[in-house]
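Below, each chain spelled out in residue letters.
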Amino acid sequence: MASLIRCPHCGARPKEEFTIRGAAVTRPQPDAGEDAWYAYVYLRDNPMGPFDEYWHHTSGCRRWLVVSRDTRTHETYGVRDAAAVAGESRS
Amino acid sequence: MPEFALVSRPALPHSPVGDASRVRIEALPEGHVLHVLAAGGRDITPEQLASLGDGTAHAVRRYAPGQWFVVGNEALGSKEYREKAARLGADAAVSDQSHGRVRVAVSGSGARSLLAKGCAVDFSPSVFAVGATAATLYNHIGIHVTRTAEDGFELLVLRSFAQSLWEDLSVNHGEH
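Residues numbered from 1 in each chain as written. Chains lettered and ligands numbered in written order. Predicted model: local features only at pLDDT ≥ 70, side-chain atom pairs only at ≥ 80, totals over all residues. Heavy atoms only, no water.

Within an unreviewed UniProt entry, the label attached to chain B reads Sarcosine oxidase subunit gamma, and the organism entered is Tianweitania sediminis.

As annotated in an unreviewed UniProt entry, chain A carries the name Sarcosine oxidase subunit delta and is attributed to Tianweitania sediminis.

Caption draft 1: Here's a closer look at empty space enclosed by the protein. All names here are of chain B. Counted under the stated rule, the structure contains 1 cavity of 30 Å³ or more. Looking at the largest cavity, its volume works out to about 50 Å³. Lining the largest cavity, in full, are Leu28, Pro29, Glu30, Gly31, His32, Val33, Ser98, Arg101, Val102 and Arg103. Elements with a contribution of two residues or more to the lining of the largest cavity: β3 (32–38) and β7 (101–107). For the lining of the largest cavity, the element with the most residues is β7, which contributes 3 residues. Looking at side-chain class alone, the lining of the largest cavity contains 4 nonpolar, 3 polar and 3 charged residues. For the lining of the largest cavity, the two domains that each supply at least three residues are domain 1 (14–30 + 100–176) and domain 2 (31–97). (1 Å grid on protein atoms, 1.4 Å probe; cavity = no way out; pocket = protein on both sides within 12 Å on 5 of 7 lines; lining within 4 Å. Points joined across faces, edges and corners; volume = space filled by probe spheres on them. Helix = DSSP H or I, 4+ residues; strand = E, 2+ residues; numbered from the N terminus. Nonpolar A, V, L, I, M, F, W, Y, C, P; charged D, E, K, R; others polar. Domains from an automatic or database assignment.)

Caption draft 2: Region of interest: the nonpolar core. Residues B:Phe123, B:Tyr138, B:Ile143, B:Leu155, B:Leu165 and B:Leu169 are the most contacted members of the largest nonpolar core, which totals 27 residues. Of all the elements in the fold, those that place two or more residues in this core are β7, α3 (111–116), β8 (133–138), β9 (141–149), β10 (152–158) and α4 (159–173) of chain B. Broken down by element, this core gets its largest block of residues, 4 residues, from α4(B). Setting aside residues up to four positions removed in sequence, B:Leu169 forms contacts with B:Ile25, B:Val104, B:Val106, B:Leu114, B:Tyr138 and B:Leu155. Core analysis: the next-biggest nonpolar cluster, separate from the first, contains 15 residues, A:Cys7, A:Val67, B:Tyr63 and B:Ala64 among them. (Core = buried A, V, L, I, M, F, W, Y, C linked by side-chain atoms within 4.5 Å. Buried < 20%, exposed > 50% of the residue type's maximum accessible area, 1.4 Å probe, protein only. Contact = heavy atoms within 4.5 Å.)

Structure follows, in structure tokens:
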């Protein structure tokens, strides 16, 4: 587990300040159909390598973040605010 | 007539611990604490924020993106609070947290080392200069730290956790 997370708002903080929600999967459109929604709710990859997750900075700025980390080496590639990530995917 | 008299008691009825030459822990007056939350997408200028403060240094403290605490030693009456809350108009919501959070001052040459016993934030002056703030943990208690001087910090803590924080600080202080 990556132990130091560089929050874009707070700087480097220990993982104890965060709550991990899980894979940062994109929510389907409401009319996407049962298969897409089933996959979104239940099906998860378990990748060995780069992985994007939602982390909440519970004991800091209380913002949702997207943490990109490597599940093999514990290296973190980047931490972005989830609102900014959502803004990029919309535009 | 109310059945019980409402008596206002301080959250931390303790005398300061330690002396200023090394480390001193002191409960600060329970004046006012305002939580300012910017409306979605609105930018709040430093001048707007400063207009909520009492004019003292470090009255306005950044908490998170679009959120600040405004603190002061004087209690605010409901009229003063409403007047302040209206100052930013629709740009921000102002929530009175005077009853909800209390302040503790940690000062002296060993203040940084006392905080380092419970916090994982880098408090070296080059990173955490006077005026810098951080929302973080002290042991397992959520706090908001502000550097108010080279050797001075103020901790803002939820009232119900204040006694636990005081005990943690006092225990760690014994090692100094």
